[in-house]
Amino acid sequence: MIEKLIAVSLRNRIMVLLLAVVLFGFGIYAVQTNKIDAIPDLSENQVIVFTQWQGRSPQIIEDQITYPLVTGLQGIPNVKYVRANSMFGMSFIYIIFKDGVDNYWARSRVLEKLSTVNASLPTGVTPTLGPDGTGVGHVLWYTLQTDGMDLGEQRATQDWYVKFALQNVDGVSEIASFGGFEKQYQITIDPNKLNYYKVGIKEIMDAVNSNNNEAGGRKFEMSDMGYIIKTSGYLKSIQEIENIAIKTNNSIPIKIKDVAQVQMAGKARLGIFDLNGNGEAVGGIVVMRTGENADEVINRVKLKMDEVAKGLPAGMKFNIVYDRGKLIKESINSIKHTLIEEMIVVSIIVFLFLLHWRSAISIIIQIPITIAASFILLNAFGISSNIMSLTGIALAIGVIVDNGIIMSENAYKQLSIRQEELDGG
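Predicted model only: the values in this text are computed from it and were never measured.

Draft legend 1. A look at the UniProt feature "transmembrane region" (unreviewed entry) in the chain. The UniProt entry lists residues 339-356, 363-381 and 387-406 under the feature "transmembrane region" (unreviewed entry), expressed in the numbering used here. Its end C-alpha atoms 28 Å apart, residues 363-381 is made of 89% helix and 0% strand. The annotated region residues 387-406 carries 100% helix and 0% strand content, and the separation between its end C-alpha atoms amounts to 30 Å.

This is the structure we're talking about:
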């Protein structure tokens, strides 16, 4: 079989050269379109279900949320196993699928199953899916650098302006905010006043909820013009909350300010984010969507940051504290230089040992063609160009030229033997 293949190749040299050129061309295209990352994504194919129930102990979370979800999510096709973790106020379910399963197909199956499990959960508890990212999807971290701006204002800028803008970038799964204070109105109730006015906490909650909404009216026509009536009742200040009437006592309204103190404060925090020991900072983490090109996503996010920076408050700017793009460029450039050096060294050694430029060229030309063709396979199997894959190619260069050297040496040997037989005859 091999003899016939060699014979056919020798008789059709032009066709072999054309095939090699076509293969090299496709390989060059594959090199340009191959996904680039610094590290390979070896994380499991998983879908995370996150459920929050504030103020509950881990044991209650385990009994009333985690256990019903784990048992209810059983039976999803192509699932390897289901893991769970219960902590104070939160439950995490990790559904591990088989490696070949499409991530978005898996997420849709989990959503279908969740629709049947919600009825067994406590009232007001809604499980949500985690971002469609992986364990190595954190490609960029940034902070908002300011000149003494309040941490609450910084967090508000991050949550209501920066986050929404960057989440629209193609390839970004989520912008996870960190640091600062999440602003909220807090009502601090005086229990003695509650007892004096005979008011319950439930009544205060109902009063605030019922006074913080909008109501639609109807449309009517007058003087050939149409008017739409609606009421706007969203709370906008501390004073409005203080003046909410809870109930009346002898025709006298009992207001929130009579039994409690209202203030603007930050949400309770479980920790802080300190930047290099210089104090607290506010920022976000860019989480890349599964299967995206990390290098392209980072570049798109940086371009979007330039646009977003124009709308930031005076004195505020982006400060990138972690950028995988630099690691990607340094890693890829290092491997590229190694490949080029190896090709040059191998070419020189082959030429010196054979001392025949035509034979040396026939061996050396295999190196770029084989490397380019290997990227076709990388794209076919969805493998990115990273430290491990490119290092494997670099290590294989010696194997690539081995066959050519052995074949050339064997050909020289057979030719010399035949020449001696002809001379002796």
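Let's pick the thread back up.
Draft legend 2. Quick look at the side chain of Asp 159. Tracing the chain through its elements places Asp 159 in helix H5 (residues 151-166). At 2.9 Å, the side chain of Asp 159 forms a polar contact with the side chain of Ser 177. Among all residues touching Asp 159, those that are not within four sequence positions of it are Phe 164, Ser 177 and Glu 182.

Draft legend 3. View of the sheet that holds strand S4 (residues 128-129). Read across the sheet, four strands follow the order S2-S3-S1-S4 without closing on themselves; strand pairing throughout is antiparallel. For this open sheet the edge positions go to strand S2 (79-87) and S4, each flanked by a neighbour on one side alone. Its contacts with the sheet place helix H3 (residues 58-72) against strand S1 (46-52), S2 and strand S3 (90-97), and it is angled at close to 160° to S2. On top of the sheet, helix H4 (residues 103-117) reaches S1, S3 and S4; it is set at about 35° to S1, its chief contact.

Draft legend 4. Representation of the sheet that holds strand S14 (residues 317-323) in the model. Pairing within the open sheet is antiparallel, and its four strands lie in the order S6-S13-S5-S14. Edge positions in the open sheet fall to strand S6 (172-178) and S14, since each of these has one partner strand only. Taking each pair of neighbouring strands and ignoring which way they run, the sheet shows an average axis angle of 25°. Of the strands in this sheet, strand S5 (138-145), S6, strand S13 (283-288) and S14 are in contact with H5, which crosses S6 at around 175°.

Draft legend 5. Spotlight on the packing of aromatic side chains. Across all of its chains, the model carries seven aromatic pairs by this definition. With centroids separated by 6.4 Å and ring planes inclined at 15°, the aromatic side chains of Phe 92 and Tyr 94 adopt a geometry described as stacked. The class for Phe 92 is buried, based on a relative accessible area of 18%. Plain terms: the ring middles of Tyr 196 and Tyr 197 are 5.0 Å apart, the flat faces sit at 85° to each other, and that makes the pair edge-to-face.

Draft legend 6. The arrangement of a nonpolar patch on the surface in detail. A surface patch of nonpolar side chains, amounting to about 1,100 Å² of accessible area, comprises Ile 340, Ile 344, Val 345, Ile 348, Ile 349, Phe 351, Leu 352, Phe 353, Trp 357, Ile 361 and Ile 365. Elements with a minimum of two residues in the nonpolar patch: helix H11 (324-354) and helix H12 (357-364). At eight residues, H11 tops the list of elements feeding residues into the nonpolar patch. Looking at the secondary structure, you find Val 345 in helix H11.

Draft legend 7. Geometry of the nonpolar core. Among the nonpolar cores identified, the biggest contains 40 residues, and Tyr 142, Val 162, Val 286, Val 301 and Phe 318 are the most heavily contacted of them. Non-local contacts of Phe 318, meaning those with residues more than four positions away in its chain, are made with Tyr 142, Thr 143, Leu 144, Val 162, Met 305, Val 308, Ala 309 and Leu 312. Membership of the second largest hydrophobic core comes to 19 residues, among which are Ile 61, Ile 93, Phe 97 and Val 110.

Draft legend 8. Geometry of the environment of Phe 92. In this structure, Phe 92 sits in strand S3. Note: C-alpha distance between Phe 92 and Leu 129 (37 residues apart in sequence) is 9.8 Å. With residues near it in sequence (within four places) discarded, Phe 92 still touches Ile 48, Val 49, Phe 50, Arg 83, Ala 84, Asn 85 and Met 87.

About the thresholds
Residue numbers here run from 1 along each chain, matching the order of that chain's written sequence. The predicted nature of this model means local features are confined to residues of pLDDT at least 70 and side-chain atom pairs, given and counted, to a pLDDT of 80 or more, with totals for whole chains, interfaces and linings taken over all residues. The basis for every side-chain value is the complete set of heavy atoms in the structure, and neither hydrogens nor water enter the calculation. UniProt positions are given in the numbering used here, feature names are shortened, and annotations may be inferred rather than shown by experiment. In DSSP terms, a helix is any run of H or I states spanning at least four residues, a strand is any run of E spanning at least two, and both are numbered starting from the N terminus. N or O atoms within 3.5 Å of each other form a polar contact, as long as, within protein, one can give a hydrogen and the other can take it, and as long as residues adjacent in sequence are counted only when both atoms are side-chain atoms. For this analysis, residues touch if any pair of their heavy atoms sits within 4.5 Å. Paired strands are those between which DSSP finds at least two bridges. Axis definition: a line fitted to C-alpha atoms, over the contacting stretch in the case of helices. Angles run 0 to 180 degrees between N-to-C directions. Two aromatic rings from Phe, Tyr or Trp, using only the six-membered ring of Trp, form a pair when their centres are within 6.5 Å; if the ring planes differ by under 30 degrees the pair is stacked, by over 60 it is edge-to-face, and anything between is tilted. For the exposure calls, accessible area comes from a 1.4 Å probe over protein chains only, and a residue counts as buried if that area is under 20% of its type's maximum, exposed if over 50%, partly exposed in between. Each patch is built from residues lacking any salt bridge and having more than 30% relative accessible area; the joining distance is 9 Å for like charges and 5 Å for nonpolar side chains (Val, Leu, Ile, Met, Phe, Trp, Tyr). Methods summary: accessible areas were calculated by the Shrake-Rupley approach with a probe of 1.4 Å, and residue burial reflects only the protein chains presented. One speaks of a salt bridge when a side-chain nitrogen belonging to Lys or Arg is within 4 Å of a carboxyl oxygen belonging to Asp or Glu. Residue types Ala, Val, Leu, Ile, Met, Phe, Trp, Tyr and Cys, when buried and joined through side-chain atoms within 4.5 Å, form a set referred to as a nonpolar core.

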